[in-house]
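Residue strings, one per chain:
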Amino acid sequence: MGVAIEIDNVVKKYGNNTVINGLSLDINPGEFFTLLGPSGCGKTTLLRMIIGFNSIEGGEIRVDGKVINKIPTNLRNMGMVFQNYAVFPHMSVEENVAFGLKTRKMPKTEIAKLVDDILDVVKIREYRDRMPDALSGGQQQRVALARAIVIHPQVLLMDEPLSNLDAKLRIEMRNAIKRIQQQIGITTVYVTHDQEEALAVSDRIAVMNGGVIQQTGTPQEIYQRPSNTFVANFIGLSNILPATTYVEGGVQGVDFGGYKVPMTNLQKVEQGAAVVVSVRPEEFFISTEGDEGLDAVVRTSIFLGVSTHYFVEMPNGEEMEIIRPSETGMLIPNNTPVKLQVDASKINVFTENGEVSLIAKAGA
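Quick caveat, the model's predicted, so the values are computed rather than measured.

Rules behind the numbers
Residues numbered from 1 in each chain as written. Predicted model: local features only at pLDDT ≥ 70, side-chain atom pairs only at ≥ 80, totals over all residues. Heavy atoms only, no water. Helix = DSSP H or I, 4+ residues; strand = E, 2+ residues; numbered from the N terminus. Buried < 20%, exposed > 50% of the residue type's maximum accessible area, 1.4 Å probe, protein only. Contact = heavy atoms within 4.5 Å. Areas by Shrake-Rupley, 256 points an atom, 1.4 Å probe, with all protein chains shown as cover. Lys, Arg positive; Asp, Glu negative; His and termini not counted. Charge placed at Lys NZ, Arg CZ, Asp CG, Glu CD. Expected span 1.5 Å × (residues − 1). Arc of directions from axis to C-beta. Domains from an automatic or database assignment. Core = buried A, V, L, I, M, F, W, Y, C linked by side-chain atoms within 4.5 Å. Pairing = 2+ DSSP bridges. Axes fitted to C-alpha atoms, helices over the stretch in contact; angles between N-to-C directions. 1 Å grid on protein atoms, 1.4 Å probe; cavity = no way out; pocket = protein on both sides within 12 Å on 5 of 7 lines; lining within 4 Å. Points joined across faces, edges and corners; volume = space filled by probe spheres on them. Nonpolar A, V, L, I, M, F, W, Y, C, P; charged D, E, K, R; others polar. Phe/Tyr/Trp six-rings, centres within 6.5 Å; stacked < 30°, edge-to-face > 60°. Lys NZ or Arg CZ within 6 Å of the ring centre and 35° of its normal.

Moving on, we come to the overall build of the chain. Within the chain, the regular secondary structure consists of eight helices and 20 strands. Dimensions of the chain along its principal axes, counting C-alpha atoms only, are 75 × 50 × 40 Å. For the chain, the proportion of its 364 residues judged to be buried stands at 50%. Restricting to contacts in the chain with at least 6 residues of sequence separation, those with at least 24 account for 67%. Element-wise, carbon and sulfur atoms account for 50% of the exposed surface of the chain, whose accessible area totals about 17500 Å². Across the chain, the mean location of the 34 positive side-chain charges is 9 Å away from that of the 42 negative side-chain charges.

Spelled out as structure tokens, the structure:
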């Protein structure tokens, strides 16, 4: 069973530059937890604070209830998988995997069994005698993963481990990493800037920007109910539209300049408040029948089998992408005027500055 990690009001400074200022976060035992955000947002800095590569200028990090701020990296019982694999080029696969066990001076028979077991888990037993230069990138990453977890660490840390792999291998490896993590049950902290990767592997995600956690939640929560427009734009595609709120006869909703959308999940709002609305491409409906909705013109379309992507131009010249399930029959021709409606149950509404969601929490 994994251990809990408590990050309590931590601070990281480089000279006079404060990179992380009072960040707090709880990671559950056995959880696959991802730190997601753009380059320079502080996610790798936080990961390196957990393992001890970076000092901590304020606050505490606790693992299994024990403060680890001053514990040297080699005594923290953590495994780390790096972006560049960091396997030893002069050692075979077996020797690489056994390295951490040998430094702990374990008996040879126990080392052999542990290495055999983990080679089976990561599915590289047949490569045990190969040197790293005879392995593919995915195979080298499996070696690095095996070496990190064979020592039975309390925590597994992974820093952009798939970014050097091609697209197909990246998907294969992310599935393998998730399967192995579930099989072993180790608490895992994973860093990536790839939103799809984060959605695919994580139990929970913390979206970071500027050293601040913008939102923490399950992949479904983060995608479907972003806490602000930064999260809405960073996770998946979002079309951000201006609107105002309305209240009529006990019904609340948003008004896109004449196209009114009643909503049952808005917080209590005032009449005529300026807001912004996030609409994902799949949350639009397209009509050619002159119904009410937003005016647009189809400029191009891409048929992708399961779905069709329409690129439409709005009256102000802005282009938006609409994704609809493919239907039997012809595509909507280019340059066709259409009306766009939105799925009121799925769209997200924020204050005018985009910083606060106005969607009521479930059960509230």
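With that settled, the discussion passes to helix α3 (residues 108-121). Between its terminal C-alpha atoms α3 stretches 20 Å, which fits the 20 Å expected from 14 residues at 1.5 Å a residue. Residues of α3 that are buried include every one of I111, L114, V115, I118, L119 and V121, and no others. The arc enclosing the buried residues of α3, seen along the axis, measures out at 150°, which places them on a common side. Of the exposed residues in α3, the ones pointing more than 90 degrees away from its buried face are T109 and K113. Looking at the buried residues of α3, the elements they touch are α2 (93-103), α4 (137-149) and α5 (167-184). K123, located one to two residues past α3, shows a positive phi value of around 60°.

Here the focus is the domain arrangement of the chain. It is common to give the size of an interface as the accessible area that goes away when the parts come together. As assigned here, the chain comprises domain 1 (5-224) and domain 2 (239-351). Taking only C-alpha atoms into account, the centre of domain 1 sits 40 Å from that of domain 2.

In terms of nonpolar packing, the biggest core is built from 37 residues, with V93, V97, L145 and L156 touching the most fellow members. Of all the elements in the fold, those that place two or more residues in this core are α2, α3, α4, β7 (155-159) and α5. With residues up to four places along the chain from it excluded, the contact list for V97 reads V115, I118, L119, V143, A146, R147 and V150.

Taking strand neighbours across the sheet as the criterion, the five strands line up as β13-β12-β11-β14-β20 in an open arrangement whose pairing is antiparallel. Since the sheet does not close on itself, it has two edges, and those belong to β13 (260-263) and β20 (348-351), each with one partner. Along the sheet, successive strands turn relative to each other by an average axial angle of 40°, direction set aside. Note: strand β12 (residues 251-255) against β13, four bridges, orientation antiparallel. Directly across from Q252, in β13, lies its bridge partner M263.

A probe as big as a water molecule, rolled over the atoms, marks out the empty space that is left. The computed volume of the largest pocket comes to approximately 550 Å³. Together, 20 residues line the largest pocket, and M78, G79, M80, G100 and I151 are the ones closest to its centre. Elements with a contribution of two residues or more to the lining of the largest pocket: β6 (78-81), α2 and α4. Of the residues that constitute the lining of the largest pocket, the class distribution is eleven nonpolar, six polar and three charged.

Time to look at the packing of aromatic side chains. If you walk through the whole model with that rule in mind, you get five aromatic pairs. With 5.4 Å between their ring centres and 45° between their planes, F32 and Y190 make a pair best called tilted. Here F32, found in strand β3 (residues 32-36), pairs with Y190, found in strand β8 (residues 187-192); they are 158 residues apart in sequence, far enough to count as distant. Neither residue differs from the other here; F32 and Y190 are each classed as buried. A centroid spacing of 5.7 Å and a plane angle of 10° characterise the contact between F230 and F234, whose relative ring orientation is stacked. Remark: F234 and F230 occur in helix α8 (residues 229-234); sequence separation between them is four residues, near one turn of the helix. F230 gets classed as partly exposed once you look at its relative accessible area, which sits at 25%. Looking at F234, the relative accessible area reads 17%, which means it is buried. The side chain of K12 reaches across the aromatic face of Y14, ending 4.8 Å from its centre. A cation over an aromatic ring shows up here: R147 above the ring of F88, its NZ or CZ 4.8 Å from the ring centre.

Here we come to empty space enclosed by the protein. In the structure shown here, the tally under the stated rule is one cavity of 30 Å³ or more. By volume, the largest cavity amounts to about 40 Å³. Every residue lining the largest cavity is listed: F32, L145, I149, L156, M158, I177, I180, Q181, I184, I186 and T188. Broken down by element, the lining of the largest cavity gets its largest block of residues, four residues, from α5. Residue classes in the lining of the largest cavity are distributed as nine nonpolar, two polar and no charged.

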